[in-house]
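Spelled out, the chains give:
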Amino acid sequence: MRTSHRCPKCQGEDLLVVDPWSQPDPGSSNTTSPTQVAFRMSYFRRQVATDLELWVCAGCGYAELFAKDVDTLGELADAGTQGLRRVRREKDGGAYR
Ligand SMILES: [Zn+2]
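If you're wondering where the values come from, they're calculated on a predicted model, not measured in any experiment.

Cut-offs applied
- Residues numbered from 1 in each chain as written.
- Predicted model: local features only at pLDDT ≥ 70, side-chain atom pairs only at ≥ 80, totals over all residues.
- Helix = DSSP H or I, 4+ residues; strand = E, 2+ residues; numbered from the N terminus.
- Rg over C-alpha atoms; globule rule 2.2 N^0.38 Å.
- Buried ≥ 20, exposed ≤ 12 C-beta atoms within 10 Å, placed from the backbone.
- Pairing = 2+ DSSP bridges.
- Contact = placed C-beta atoms within 7 Å.

A. A look at the overall build of the chain. Assigned secondary structure in the chain consists of one helix and six strands. Secondary structure elements in the chain, listed N-terminal to C-terminal, are β-β-β-β-β-β-α. Relative to the 2.2 N^0.38 estimate, which gives 13 Å for 97 residues, the radius of gyration of the chain is 17 Å and therefore markedly larger than a compact globule would have. For the C-alpha atoms alone, the extent of the chain along its principal axes is close to 50 × 45 × 15 Å. Across the 97 residues in the chain, those meeting the buried criterion constitute 4%.

Listed below in structure tokens is the structure:
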């Protein structure tokens, strides 16, 4: 969708992009904050892996989320960050792990 600029469900080409995808700020009634993929590395430190962007088809409403910083997300997965794992398809076309 993000690459083809076409909806995979209805083939529509009128797309809306929310970048970064934000949600209401829990500490304020009239502001929003970017929705982030983040992990707590220690009690005091939080690692933000990436912001997200949301692609929505204006024709059918189908939506997809994309991570903006895949490299950092992968580095954290390879470092064994709790709650994050990498899944790769077997080269022989076998089952997913
Ligand atoms: Zn669509």
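Let's pick the thread back up.
B. Expanded view of the pairing of strand 5 (residues 46–57). Taken together, the four bridges between strand 1 (residues 15–18) and strand 5 define a ladder with antiparallel strand orientation. What sits directly across from leucine 16, in strand 5, is valine 56. As judged from the five bridges shared by strand 4 (residues 36–40) and strand 5, these two strands associate in the antiparallel manner. Opposite glutamine 36, over in strand 5, you have aspartate 51 as the bridge partner. Linking two consecutive strands that pair antiparallel, namely strand 4 and strand 5, is a turn of five residues. Of the strand pairs in this sheet, strand 5 and strand 6 (residues 63–67) are connected by five bridges, and their pairing is antiparallel. Opposite glutamate 53, over in strand 6, you have phenylalanine 66 as the bridge partner. Counting the residues in the hairpin turn of strand 5 and strand 6 gives five residues, including glycine 61, whose phi is positive at 90°.

C. Representation of the environment of proline 20. Summarising the element assignment, proline 20 is placed in the loop between strand 1 and strand 2 (22–24). The exposure class assigned to proline 20 is partly exposed, which follows from the 15 C-beta atoms found within 10 Å. C-alpha of proline 20 to C-alpha of serine 42: the two residues are 22 residues apart in sequence and 26 Å apart in space. Once residues lying within four places of it in the same chain are set aside, the contact partners of proline 20 are Pro34, Asp51, Leu52 and Glu53.

D. The arrangement of the environment of methionine 41 in detail. By the element assignment, methionine 41 lies in the loop between strand 4 and strand 5. Sequence spacing of methionine 41 and threonine 81 is 40 residues, and the spatial spacing of their C-alpha atoms is 8.2 Å. In contact with methionine 41, other than residues within four places in its own chain, are Arg46 and Gln47.

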